[in-house]
Amino acid sequence: MIDNKPVVFISSTIYDFKDLRSALKWWLEDNGFVVLLSEHNEFPVLANMNSYDVCFEAIHKSDYFILLIGHRVGGLYNEEDKISITRQEYREAVKLADQGQIKMLPFVRQDIWTIKEDRKALVHELEVNYRRELTPDNISKIALHQSRFVQDAESIFSFIDEVTKKQEMKEASKGNRERPKNNWKIDFNSFEDIRSSLEAQ
């Protein structure tokens, strides 16, 4: 809380979500929230800290974490493991969410989810009907090819799987663990989709 107002941290790539981030900031502030966007002048800049660490600290001071996943990966926090700064912000927030300290609201562009499901079906088709002609590596390269619709399919799809806790859900369905918390994702096409979802929360 800041001045008795709930604090919202919005995490996403900036270039492709610039207008949506600004629209969300305006709408949330109009409804009594403090909104933290790293590209805005009022974001708390601490000159003696790394910009990434300042973002992580801001997440720890927030009541809500809104995540937007779209077509781009964005800047890398860990180049070797291809972990984006947005994904690392999510990892900071989900630790807090699992302790009940912050509420997570992850949104995924509907067309990215559709592409992910289409490529999953493509992998199945190739494995069933072309297993003699194609190696598993060939199939993976076909399914994860870059296009103008998705910048780095492997990283983005992996991020979505992490948000939905796909592996943990598989293990839970086999009775090997409890079902994980904070594995929701909300599909969206427009600002209106996000606004109506936030109003419901």
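Bear in mind the structure is a predicted one, so any value in this text is a computation, not a measurement. (Residues numbered from 1 in each chain as written. Predicted model: local features only at pLDDT ≥ 70, side-chain atom pairs only at ≥ 80, totals over all residues. Heavy atoms only, no water.)

Participant: With reference to specific residues and values, describe the overall build of the chain.
Facilitator: Check the secondary structure of the chain and you find 8 helices and 7 strands. Taken over C-alpha atoms, the radius of gyration comes to 18 Å for the chain, in line with the 17 Å a tight globule of 201 residues would show. Seen through its C-alpha atoms, the chain measures out along the principal axes to roughly 65 × 40 × 35 Å. Out of the 201 residues belonging to the chain, those deemed buried represent 40%. Accessible area of the chain: about 11,900 Å², with a carbon and sulfur share of 48%. (Helix = DSSP H or I, 4+ residues; strand = E, 2+ residues; numbered from the N terminus. Rg over C-alpha atoms; globule rule 2.2 N^0.38 Å. Buried < 20%, exposed > 50% of the residue type's maximum accessible area, 1.4 Å probe, protein only. Areas by Shrake-Rupley, 256 points an atom, 1.4 Å probe, with all protein chains shown as cover.)

Participant: Residue-level account of helix α2 (residues 51–60), with values.
Facilitator: Every buried residue of α2 is listed here: Val54, Cys55, Phe56, Ala58 and Ile59. If you follow the buried residues of α2, they end up packed against β1 (7–11), β2 (34–36), β3 (64–69), β4 (76–78) and α3 (85–98). (Contact = heavy atoms within 4.5 Å.)

Participant: Could you give me a rundown of the sheet that holds β3, with the residues and numbers involved?
Facilitator: Adjacent strands of a sheet form backbone hydrogen bonds with each other and so pair up, either parallel or antiparallel. Overall, parallel pairing links the 5 strands, which are arranged β2-β1-β3-β6-β7 in an open sheet. Each edge of the open sheet carries a strand with a single partner, namely β2 and β7 (186–188). Averaged over all neighbouring strand pairs, the angle between strand axes comes to 25 degrees, with direction disregarded. Across 6 bridges, the pairing between β3 and strand β6 (residues 103–109) is parallel. Paired with Leu67 across the two strands is Pro106, which belongs to β6. Packed on one face of the sheet, helix α1 (residues 18–30) meets β1, β2, β3 and β7 and runs near 170 degrees to β1. On top of the sheet, helix α6 (residues 153–163) reaches β3 and β6; it is set at about 145 degrees to β3, its chief contact. (Pairing = 2+ DSSP bridges. Axes fitted to C-alpha atoms, helices over the stretch in contact; angles between N-to-C directions.)

Participant: Break down the environment of Phe191 for me, with residues and values.
Facilitator: Mapping Phe191 onto the fold places it in helix α8 (residues 191–200). For Phe191, a relative accessible area of 25% gives the class partly exposed. Among residues more than four places away in sequence, those in contact with Phe191 are Leu20, Ala23, Leu24 and Trp27.

Participant: Which residues make up the environment of Val150, and what values go with them?
Facilitator: With respect to the helices and strands, the residue Val150 is situated in the loop between α5 (136–143) and α6. Note: C-alpha distance between Val150 and Tyr15 (135 residues apart in sequence) is 14 Å. If near-sequence neighbours (up to four positions away) are discounted, Val150 is found in contact with His71, Ile112, Ile115, Arg119, His145 and Ile156.

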